[in-house]
Amino acid sequence: MKLVDILTLAFQSFKNRKSRIVLTMLGVAVGIAVIMFLVSVGYGLQRTILDRITTAEALLTLDVTSPDDESIRLNDQRASELASLDHVSEVSPRSTLPSRISLDGLNSEATSYFVEPNYFRLSGLGTQQGDIFEEQENGIVVSETIARLLNREIDTVIGEEITFRFLVPTTAPADIVEQLDTDDEQDEVPFEEITRSYPVIGVLEESVTASEIYIPLAQAQDFLPAQYESIKVQVDQQRDLEIVRAAIVERGYVVSALSDLAEQAGRVFTVLQVILAIFGIFSLLVAAIGLLNTMTISLLERTNEIGIMRALGAT
């Protein structure tokens, strides 16, 4: 048979069984669409969640803290030592103090973090309103929760001046713990109440839901203890992450990384993608069985026609 004859017979079959052809094509199209949709959902969820919890620079950052026994205290000297390690591009220390804040007669408890401007970049934090403070700038960045606690919207809290009351220990933390163990009255522990006021210049992005306030470290050097709670260490490249981590652990520090969380989330989403792909494959398999059934029925219906054509010499 000539190619023209074969095509003519094929199109005649389409015309004679239009509804069957349309339903068969629709079944195959739905099967393909389902598997593409489910796999895309898996990848889309992974990308969306990872983008919300981290950034490219944050994945290159290690969080360094002291061991529980306080044998190693994080201070400026320790920060300089970490910055001098091979493959380390920069470090950013953080101090923490509990605080009581007030604005127009409204009071609330909050956690105040004293950081340098590069801390936001290394942590993957951004603002939804306002800006991040610069070096030596007398301004603070608050979470949206803080604005709600002070009965302010995120667009109206910018420019407001919040009053802080910090309870600052006048001796080293280890000395305070020892004094608490020996003294009967907790009132004798040497604390000093510091009052400061700072204007709000930025509100953190919506992913930060805790009552957090970030204050420039340079604005609190006169009353902060000479010890940091943690230090962020950024490496040059991803391949240097484990090398720098091992070097820091050898020095007795406790090290964690946001990349560990991202890796665990990636494994979870890989399993999810496999499960979704299996459901999609089943949908495509059902469509393929429907196509095979349609072709078989079409062949059986034309047995006599095919036999006549074969008798006349058709291939």
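Small disclaimer: the values here were computed from a predicted structure and weren't measured.

Student: Would you mind showing me how to read the environment of E153 here?
Tutor: When you line up the elements, E153 lands in the loop between helix 5 (144-149) and strand 6 (161-169). Looking at E153, the relative accessible area reads 44%, which means it is partly exposed. Within the local environment of E153, its side chain forms a polar contact with the side chain of R148, the two groups lying 2.5 Å apart.

Student: Looking at this model, I keep getting lost on unusual backbone geometry. Mind explaining?
Tutor: Note on backbone geometry: most residues besides glycine have negative phi, and most peptide bonds are trans. You will see that D104, though not glycine, has its phi angle at about 55°, which is positive. Looking at where D104 falls in the secondary structure, it is placed in the loop between strand 2 (88-103) and strand 3 (106-115). The class for D104 is exposed, based on a relative accessible area of 62%.

Student: Honestly, the environment of V142 in this entry has me stumped. Any pointers?
Tutor: Examined against the element boundaries, V142 turns out to sit in strand 5 (residues 140-142). Judged by relative accessible area, V142 falls into the buried class, the value being 0%. Leave out the neighbours within four places in its chain, and V142 touches I162, V200, G202, V203, L204, E212 and I213.

Student: Teacher, can you tell me more about the confidence of the model for the protein here?
Tutor: Low-confidence regions, as indicated by low pLDDT, have predicted coordinates that should not be scrutinised in detail. Of the residues in the protein, 88% reach a pLDDT of 70 or more, and the chain-wide mean stands at 81. When mean pLDDT is compared element by element in the protein, strand 5 scores highest at 93, while helix 6 (residues 173-182) scores lowest at 46. Ignoring residues within four places in sequence, the model shows residues 173-186, a span with pLDDT below 50, making 12 contacts including any to other chains.

Student: Hey, could you run me through the nonpolar core in this one?
Tutor: Nonpolar side chains in soluble globular proteins tend to end up buried together. Core analysis: the largest hydrophobic core is formed by 46 residues, its most contacted members being F166, F223 and I248. The element that contributes the greatest number of residues to this core is strand 2, accounting for 5 residues. Residues contacting F166, with those up to four places away along its chain left out, are L97, P98, S99, S112, F114, E192, E193, I194, R196, Y198, I215 and F223. F133, L204, V208 and Y214 belong to the second-largest nonpolar core, a separate cluster that totals 10 residues.

Student: Please explain the pattern of salt bridges as it appears in this structure.
Tutor: Oppositely charged side chains can form a pair if their charged atoms are brought close together. This structure, assessed with the given rule, holds 12 salt bridges. Residue E90 pairs with R121 through a salt bridge whose shortest N-O separation is 2.7 Å. Highlighted residues: E90 in strand 2 and R121 in helix 4 (residues 118-123), separated in sequence by 31 residues. Residue classification places R121 among the partly exposed positions, given a relative accessible area of 35%.

Rules used throughout
- Residues numbered from 1 in each chain as written.
- Predicted model: local features only at pLDDT ≥ 70, side-chain atom pairs only at ≥ 80, totals over all residues.
- Heavy atoms only, no water.
- Helix = DSSP H or I, 4+ residues; strand = E, 2+ residues; numbered from the N terminus.
- Buried < 20%, exposed > 50% of the residue type's maximum accessible area, 1.4 Å probe, protein only.
- Polar contact = N/O pair within 3.5 Å; in protein donor to acceptor, adjacent residues only side chain to side chain.
- Contact = heavy atoms within 4.5 Å.
- pLDDT = per-residue confidence, 0-100.
- Core = buried A, V, L, I, M, F, W, Y, C linked by side-chain atoms within 4.5 Å.
- Salt bridge = Lys/Arg side-chain N within 4 Å of Asp/Glu carboxyl O.

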